[in-house]
Amino acid sequence: MDTSSVHGSVHGRFAEQARRTPDAVAVSWTDGRLTYRELDERAGRLARLLLDAGAGRETPVAVLMERSADLVVAILGILKAGASYLPLHAAYPLDRMQWILESSGAPVLLTDETTRRRGLPEGAEVVVLRGEHGLPPEPAPDAQDHPGDLAYTIYTSGSTGHPKGVAVEHKDVLGLAFDSIWETGRHERVLMVAPYAFNVSTYELWVPLLHGGRIVLAPPGDLDVRALGRLIADNGVTAVHLTAGLFRVVAEEAPESLAGVREVLTGGDVIAPSAVRRVLEACPGIVVRAMYGATEVTLFSTHAPIEAPYDGTVVPVGGAMDGVRLHVLDEHLTPVPDGEAGELYIAGRGVARGYAGRPDLTAERFVADPFGPAGGRMYRTGDLVRRNADGLLEFVGRAGDQVKIMGFRVEPAEVEAVLARHRSLANVAVVARRTDTGDTRLIAYAVPESGDLDVAALRAHAKEWLPDYMVPSAFVPMATLPLTPNGKLDRRALPEPDLDGGSAYRAPADPTQVLLCSVFAEVLGVPRVGVDDSFFELGGQSLLGMRLVNRIRAVLGVELTLTELFDAPTVAALAQTLTEGAQPRN
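The following refers to the structure shown. (Residues numbered from 1 in each chain as written. Predicted model: local features only at pLDDT ≥ 70, side-chain atom pairs only at ≥ 80, totals over all residues. Heavy atoms only, no water.)

## Focus on the overall build of the chain
Right, on to step 1. The secondary structure content of the chain amounts to 17 helices and 26 strands.
Right, on to step 2. A compact globule built from 586 residues would reach a C-alpha radius of gyration of about 25 Å, and the chain, at 24 Å, matches this within 12%.
Right, on to step 3. Expressed along its principal axes, the backbone C-alpha trace of the chain runs to roughly 65 × 60 × 55 Å.
Right, on to step 4. Split into buried and exposed, the 586 residues of the chain put 58% on the buried side.
Right, on to step 5. Carbon together with sulfur atoms contributes 49% to the accessible area of the chain, which is approximately 23500 Å² in total.
Right, on to step 6. One way to put it: in the chain the 56 positive side-chain charges average out to a point 2 Å from where the 76 negative ones average out. (Helix = DSSP H or I, 4+ residues; strand = E, 2+ residues; numbered from the N terminus. Rg over C-alpha atoms; globule rule 2.2 N^0.38 Å. Buried < 20%, exposed > 50% of the residue type's maximum accessible area, 1.4 Å probe, protein only. Areas by Shrake-Rupley, 256 points an atom, 1.4 Å probe, with all protein chains shown as cover. Lys, Arg positive; Asp, Glu negative; His and termini not counted. Charge placed at Lys NZ, Arg CZ, Asp CG, Glu CD.)

What follows is the structure in structure tokens.
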């Protein structure tokens, strides 16, 4: 890509594409579709409504919706009004969404009827989207092109106890969307399956829409592996992004579900070479492209395409994308020799404006670039990497405490800060531990003010303030936290957690419960599960839930959905669900 060709605005480049291919399908879903002309016109009408509601240049407009065509209309319409979109994660507790909405100052909140009924944060004018219903008859003219204007703000975990908002400009979105790695003909139909408040939505939205391709919308909610495969096959999906964790689950459970996909992107955590091999062997002709980046550098900065035959033992972080400069530096900001580990700094295309309303945090992570043009900045990733013999970067570890869980970056310090607000605790430390199954889990080591540790109350408190993936898998009572001679937390002295689910063990009573207990324990990587133990309180989450659903299908020969698992998370409850309602496998 010639980076000089990246000009204008996101909505302006979409309008150009809509003029070129007005009748091509831009968005499709189970029972409908929108052409480029229809999407452009509907988003323009929403822009007029937003302007009338007080939105304007760089105004943040909050979005809290299910995955749908209205969601795509909402995001494009916000940009057409000259405003910026502020996605709220539907999995966030209401208090967390309320804090984000208040700190951003967003005057308008776009939602849908289903989400409105679940409850919304307060303080903004609420606009409920129902297709074309309620939109003005005429579209507003597109806002002027300002490449340096704010396109969106995505909130990520922050060490202060509150999330921090990463502010990304139009030019950086365009730099990503027009990178040459998309010029392969493999990204014609892109599956939109990630939460839209996750930075991967930048790829899922703008790569297809700015190239005349199609967004294929997954239905709302989580998908199991089998449903993912059907969605891909039924819609002719050519490209999909799966987080490293989800990619591993698909590779282990049903790699053939990716058959027909021309390119699968994966990243967000360490990628298992065995998973790459399984997918390449099961899907002839597919390309697995390892991706690395962060919200602060507009999603992706490096890539490494992998094709069959593959016998690697380490999946590299890769090489730089167009316009990106990678620096591997020591603590004095001096480049380290190839083969030696250093911290990765990223400069050039994609470096975000900073953290909204937090100049202190911005100055800490976005530092002056001594290797580039005057006034340039580089983002300090906190990741340790080395250059291999091929000149590609390989991930070594984290320089700080930040970890990846389900593809999301999590600051354990934020979880600590939330738990520390509970009046029953005298002290608390949250650390990440990697399990035998390759998953990362948060463990809270808690010192009560007095008496026994009330685990149920602490877990409920955490769920009020944190999304599920940030709630610790185990709460370990401690008389005191161990310290090093320097007075710092001695992590090596912390005991291994006992993941017992917090309830007294009750043995399985019939063959179905015996099988379910065995499958629960296998998937969770724990020695024993009782019939009253909750899958989610034992550390389960949606990725492991997908694996559990698939294993139950294989072992018991019955169909089960993730929704049914969420509604019946214990062996006893799930056994009853299977007895009463699960259908035999075809």
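## Comments concerning the sheet that holds strand β25 (residues 440-448)
Right, on to step 1. With mixed pairing, the 3 strands of this open sheet are ordered in space as β24-β25-β26. Since the sheet does not close on itself, it has two edges, and those belong to β24 (425-434) and β26 (474-477), each with one partner. Averaged over all adjacent pairs, the angle separating strand axes in this sheet is 25°, with direction ignored.
Right, on to step 2. Relative to β26, β25 runs parallel, the two being bridged by 4 bridges. Paired with I443 across the two strands is A474, which belongs to β26.
Right, on to step 3. In this fold helix α12 (residues 412-420) packs onto β24, β25 and β26, with an angle of close to 150° to the strand it touches most, β24. (Pairing = 2+ DSSP bridges. Axes fitted to C-alpha atoms, helices over the stretch in contact; angles between N-to-C directions. Contact = heavy atoms within 4.5 Å.)

## Thoughts on the environment of A426
Right, on to step 1. With respect to the helices, strands and loops of the structure, A426 is situated in strand β24.
Right, on to step 2. A relative accessible area of 46% means that A426 is categorised as partly exposed.
Right, on to step 3. For A426 and I181, which are 245 residues apart along the polypeptide, the C-alpha to C-alpha distance reads 52 Å.
Right, on to step 4. If we skip the residues at most four places from it in the chain, A426 touches V447, P448 and E449.

## Digging into the nonpolar core
Proteins that are soluble and globular tend to have nonpolar side chains buried together.
Right, on to step 1. L39, W182 and W206 are the most contacted members of the largest nonpolar core, which totals 119 residues.
Right, on to step 2. A per-element tally of this core places helix α3 (residues 69-80) first, with 9 residues.
Right, on to step 3. Those residues in contact with L39 that lie beyond four places of it in its chain are F14, A26, V27, L34, V72, V73, L76 and L209.
Right, on to step 4. In terms of nonpolar packing, the next biggest core, distinct from the first, is built from 63 residues, I232, A290, I306 and F520 among them. (Core = buried A, V, L, I, M, F, W, Y, C linked by side-chain atoms within 4.5 Å.)

## Notes on the pattern of salt bridges
Right, on to step 1. Summed over the entire model, instances satisfying the criterion amount to 33 salt bridges.
Right, on to step 2. A salt bridge links D224 to R553; its shortest N-O distance comes to 3.5 Å. With D224 in the loop between β10 (214-217) and α8 (225-235) and R553 in helix α15 (residues 542-556), this residue pair connects regions lying 329 residues apart in the sequence.
Right, on to step 3. Look at D224 and you get buried, because its relative accessible area is 10%.
Right, on to step 4. You can call R553 buried: its relative accessible area is 6%. (Salt bridge = Lys/Arg side-chain N within 4 Å of Asp/Glu carboxyl O.)

## Some thoughts on unusual backbone geometry
Right, on to step 1. Going from A308 to P309, the amide bond is cis rather than trans, its omega being -5°.
Right, on to step 2. With respect to the helices, strands and loops of the structure, P309 is situated in the loop between β14 (302-306) and β15 (319-320).
Right, on to step 3. Phi is positive for L299, which is not a glycine, with a value near 80°.
Right, on to step 4. Along the chain, L299 turns up in the loop between β13 (287-292) and β14.
Right, on to step 5. Phi is positive for L333, close to 60°, though the residue is something other than glycine.

## A look at helix α17 (residues 571-580)
Right, on to step 1. Buried residues of α17: V571, L574, A575 and L578, and no others. In an axial view of α17, the angular spread of the buried residues amounts to 105°, which keeps them on one side of the axis.
Right, on to step 2. Tucked inside the fold, the buried residues of α17 contact α14 (511-524), α15 and α16 (562-567). (Arc of directions from axis to C-beta.)

## Examining α12
Right, on to step 1. Listed as buried for α12 are P412, E414, V415, V418 and L419. All buried residues of α12 fall inside an arc of 160° around its axis, so they share one side.

## Points about the packing of aromatic side chains
Right, on to step 1. Applying the stated criterion to the full structure yields 11 aromatic pairs.
Right, on to step 2. Here the aromatic rings of F520 and F535 are separated by 5.6 Å at their centres, their planes lie at 75°, and the arrangement is edge-to-face. Remark: F535 occurs in the loop between α14 and α15 and F520 occurs in helix α14; sequence separation between them is 15 residues. Neither residue differs from the other here; F520 and F535 are each classed as buried.
Right, on to step 3. Overall, F535 belongs to the buried group, its relative accessible area being 0%.
Right, on to step 4. Here the aromatic cluster, defined as three or more aromatic residues joined through ring pairs, consists of F520, F535, F536 and F566. (Phe/Tyr/Trp six-rings, centres within 6.5 Å; stacked < 30°, edge-to-face > 60°.)

## Regarding the environment of A275
Right, on to step 1. Inspection of the secondary structure assignment puts A275 in helix α10 (residues 273-282).
Right, on to step 2. Between the alpha carbons of A275 and P255 there is a distance of 8.6 Å; along the sequence they are 20 residues apart.
Right, on to step 3. Excluding residues that lie within four positions of it along the chain, A275 makes contacts with F247, R248 and A251.

## Remarks on the pairing of β25
Right, on to step 1. Where burial is concerned, most of β25 is hidden: 9 out of the 9 residues are buried.
Right, on to step 2. Residue alternation in β25 divides its side chains into two sets, T440, L442, A444, A446 and P448 and R441, I443, Y445 and V447, and both sets are buried.
Right, on to step 3. Bridge count for β24 against β25 is 9 bridges, and the pairing is antiparallel. When the sheet's bridge partners are listed, R434 is paired in β25 with T440.
Right, on to step 4. A crossover connection joins β25 to the parallel β26 through helix α13 (residues 455-465); in handedness this β-α-β unit is right-handed. (Right-handed = clockwise from strand over helix to strand, strands pointing away.)

## Section: the pairing of β14
Right, on to step 1. Summarising burial for β14: 4 of the 5 residues are buried, a large majority.
Right, on to step 2. Alignment of β13 against β14, held across 5 bridges, turns out to be antiparallel. By the bridge assignment for β14, Y292 is matched with T302.
Right, on to step 3. Sheet topology note: the β14/β15 ladder contains 2 bridges and is antiparallel. In the sheet register, T302 faces β15, and the bridge partner there is A320.

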